[in-house]
Each structure stands twice: as structure tokens, then as C-alpha cells.
Amino acid sequence: PRQIAGHLTVPQLVEKLGVSHHWIYDRIHNGTIQVTKDRETGLYLFPDSAKTLARFRKLVAGKFQNLHF
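(A) A look at the nonpolar core. One finds Leu 13, Ile 24, Ile 28, Ile 33, Phe 46 and Phe 56 to be the most contacted residues of the largest nonpolar core, which totals 17 residues. The greatest single-element share of this core, amounting to four residues, is contributed by helix 1 (residues 10-17). Setting aside residues no more than four positions away along its own chain, Phe 56 makes contact with Leu 13, Leu 17, Ile 33, Phe 46, Leu 67 and Phe 69.

(B) Up close: the pattern of salt bridges. A full pass over the atoms with the stated rule returns one salt bridge. The salt bridge partner of Arg 27 is Asp 26, with a shortest N-O separation of 3.7 Å. Given the relative accessible area of 22%, Arg 27 is considered partly exposed. Looking at Asp 26, the relative accessible area reads 33%, which means it is partly exposed.

(C) Just helix 3 (residues 50-60), in detail. Looking only at helix 3, the buried set comprises Thr 52, Leu 53, Phe 56 and Leu 59. Projected onto a plane normal to the axis of helix 3, the buried residues spread over an arc of 120° and lie on a single side. Of the residues in helix 3, the exposed ones pointing more than 90 degrees away from the buried face are Ala 50 and Lys 51. On its buried side, helix 3 packs onto strand 1 (7-8), helix 1, helix 2 (21-29), strand 2 (33-34), strand 3 (46-47) and strand 4 (67-68). Looking at the residues trailing helix 3, positive phi occurs at Gly 62, about 85°.

About the thresholds
- Within each chain, residues carry numbers counting from 1 in the order of the written sequence.
- Side-chain atom pairs in this predicted model are given and counted only at pLDDT of 80 or more, local residue features only at pLDDT of at least 70, and totals for whole chains, interfaces and linings cover all residues.
- Side-chain measures were taken over the full set of non-hydrogen atoms in the model, leaving aside hydrogen atoms and water.
- Each nonpolar core is a collection of buried residues, namely Ala, Val, Leu, Ile, Met, Phe, Trp, Tyr and Cys, held together in the definition by side-chain atoms within 4.5 Å.
- The rule is simple: take the accessible area with a 1.4 Å probe, protein chains only, and divide by the maximum for that residue type; under 20% is buried, over 50% is exposed, in between is partly exposed.
- For helices the rule is a DSSP run of H or I covering at least 4 residues; for strands it is a run of E covering at least 2, with both sets numbered from the N terminus onward.
- Residue contacts follow a heavy-atom distance rule, with two residues in contact if any of their heavy atoms lie within 4.5 Å.
- A side-chain nitrogen of Lys or Arg and a carboxyl oxygen of Asp or Glu constitute a salt bridge if their distance falls within 4 Å.
- The arc in question is traced by the directions running from the helix axis to the C-beta atoms.

Keep in mind these values describe shape, not function.
Quick look at the structure:
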């Protein structure tokens, strides 16, 4: 997957979280994960931080209803 300094891409999240691409894209499209595509890359980018991963893990576990980036 492409690497953007300071950010995680969807494929990188898939690898770190053990979920499918579909799982993430489905939640982006239904508004559970609120994020816009980066204008330069055309990718969904998320902050590369422990907090981002912790929030995603809580979403996967059903402890969060939605995420906003």
C-alpha cells in the first residue's frame, strides 16, 4: 500500500486491525466513519497515531457508534 507520512491509508488500517477493506469502506459510505478524501492523493487518510488505532478498535468492538476525522 501507498505510504503517506503521518497518515494511515485504508489498506494499512486493514492490516493493523484485521478487518476487510469492505468493512471500512462500508462504514465510510454509511456515515459511521466520517472522513473525506485527501485532495492531493484521492485517498482516505487517517492520522497515524495510537489514538486513531484505539478508536478504530473500539468501533470494531462495538464500543463506539461512529468516528469523525
